[in-house]
Amino acid sequence: MKHFPYCSFLLFFFILACKSPSDGPHRIFDGKTFAGWEGDTINTWRIEKGTLVGGSLEHTVPHNDFLCTERSYVNFILTLKIKLTGVEGFINSGIQFRSERLTDPAYEMTGYQADWGEGYWASLYDESRRNKTLAPQDSTRILQWIKKDDWNDYKIHAEDRRIRLYINGHRTVDYTEEDTGIPQSGLIGFQIHGGGKAKAAFKDIHLEELK
């Protein structure tokens, strides 16, 4: 009986360790290099003052283009700051997740997208798969929460089949995938949409893997 308190103490901390949801958030972009990322870093994507930037305000982006992680993720919380600016054409960006690269064309991706742009602010789109908005938003309400042409805090919480999106602390999407054939793991990627003179920027990118 004299060893019971000690054993209980060890058991208590063992249970806590097992219930730990993650190892905490960590940076997945070091602010200096493309280490851990792949994409067109010659013509489309670049690093400016610790920020990932895609597109151009001087020339029309010829087609959708993505900078994506080299590894896949399953359950996670992703937080970052996003800024979209444009002067002409279709001005749009987004964050791919649980996605994969296509081979034809090789610059495209398919999967979930946390959308960003006029008419799509903070909505959930299914890129190059079902090709539709899965969780449309009330644009009047969203416009009260966002800052156009400026930095906004975007959060993606993907856990099992449930996806939640937040913009500047406001939840905009709470979606549960009912199609069991849709993959629930994959790459994370940043998009600059084709067809406009536009620039998308991403910084302060942190990811917390959920166990």
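This is a predicted model, so every value here is computed, not measured. (Residues numbered from 1 in each chain as written. Predicted model: local features only at pLDDT ≥ 70, side-chain atom pairs only at ≥ 80, totals over all residues. Heavy atoms only, no water.)

1. Describing the pattern of salt bridges
The tally for this structure, following the rule as stated, stands at 13 salt bridges. Between E159 and R164 there is a salt bridge; the shortest N-O distance is 4.0 Å. For E159, a relative accessible area of 28% gives the class partly exposed. Between R171 and D174 there is a salt bridge, with the nearest N and O atoms lying 3.4 Å from each other. On the basis of relative accessible area, R171 is assigned to the partly exposed category, the value being 44%. Here D174 falls in the partly exposed class, since its relative accessible area comes to 38%. (Salt bridge = Lys/Arg side-chain N within 4 Å of Asp/Glu carboxyl O. Buried < 20%, exposed > 50% of the residue type's maximum accessible area, 1.4 Å probe, protein only.)

2. Quick look at the environment of Y112
Take Y112: it is sitting in strand β8 (residues 109-117). Residues Y112 and D126, 14 residues apart in the sequence, show an inter-C-alpha distance of 4.8 Å. Engagement of the side chain of Y112 in a polar contact is seen with the side chain of Q184, the distance being 3.0 Å. (Helix = DSSP H or I, 4+ residues; strand = E, 2+ residues; numbered from the N terminus. Polar contact = N/O pair within 3.5 Å; in protein donor to acceptor, adjacent residues only side chain to side chain.)

3. Looking at the confidence of the model for the protein
Looking at the protein, pLDDT values average 92 and 90% of them are 70 or higher. Throughout residues 9-20 the model reports pLDDT below 50, and contacts reaching past four residues in sequence, or to other chains, amount to one contact. (pLDDT = per-residue confidence, 0-100. Contact = heavy atoms within 4.5 Å.)

4. Looking at the side chain of T51
Locating T51 in the fold gives a position in strand β4 (residues 51-56). The residues touching T51, leaving out its near neighbours within four places in the chain, are F29, R46, W151, A201, F202 and K203.

5. Description of the sheet that holds β8
Within a beta sheet, neighbouring strands are joined by backbone hydrogen bonds and run either parallel or antiparallel to one another. Judged by pairing direction, the sheet is antiparallel, and its seven strands sit side by side in the order β2-β5-β14-β7-β8-β9-β10 without closing on themselves. Each edge of the open sheet is held by one strand with a lone partner, namely β2 (37-38) and β10 (132-135). Here β8 pairs with strand β9 (residues 124-127) via four bridges, running antiparallel. Directly across from Y112, in β9, lies its bridge partner D126. (Pairing = 2+ DSSP bridges.)

6. With respect to the environment of N152
Checked against the element boundaries, N152 lands in strand β11 (residues 152-159). Separated by 70 residues in sequence, N152 and I82 place their C-alpha atoms 5.4 Å apart. If we ignore the near neighbours within four places in the chain, the residues touching N152 are L80, K81, I82, W116, I146, K147, I167 and N168. Among the polar contacts made by the side chain of N152, one reaches the main-chain carbonyl oxygen of D150 at a distance of 3.0 Å. Among the polar contacts listed, one links the side chain of N152 to the side chain of N168, at a separation of 2.9 Å.

7. Quick word on the packing of aromatic side chains
All chains considered together, the criterion is met by nine aromatic pairs. Plain terms: the ring middles of Y120 and Y125 are 6.5 Å apart, the flat faces sit at 90 degrees to each other, and that makes the pair edge-to-face. Both rings, one in F190 and one in F202, keep their centres 4.1 Å apart while their planes meet at 10 degrees; by these two values the pair is stacked. Here F202 lies in strand β15 (residues 196-209) and F190 lies in strand β14 (residues 187-192), a separation of twelve residues in the sequence. The buried category is assigned to F190, whose relative accessible area is 0%. Counting every residue linked through ring pairs, the aromatic cluster contains W37, W45, F190 and F202. Stacked on the ring of Y166, the Lys or Arg K155 has its end atom at 4.8 Å from the ring centre. (Phe/Tyr/Trp six-rings, centres within 6.5 Å; stacked < 30°, edge-to-face > 60°. Lys NZ or Arg CZ within 6 Å of the ring centre and 35° of its normal.)

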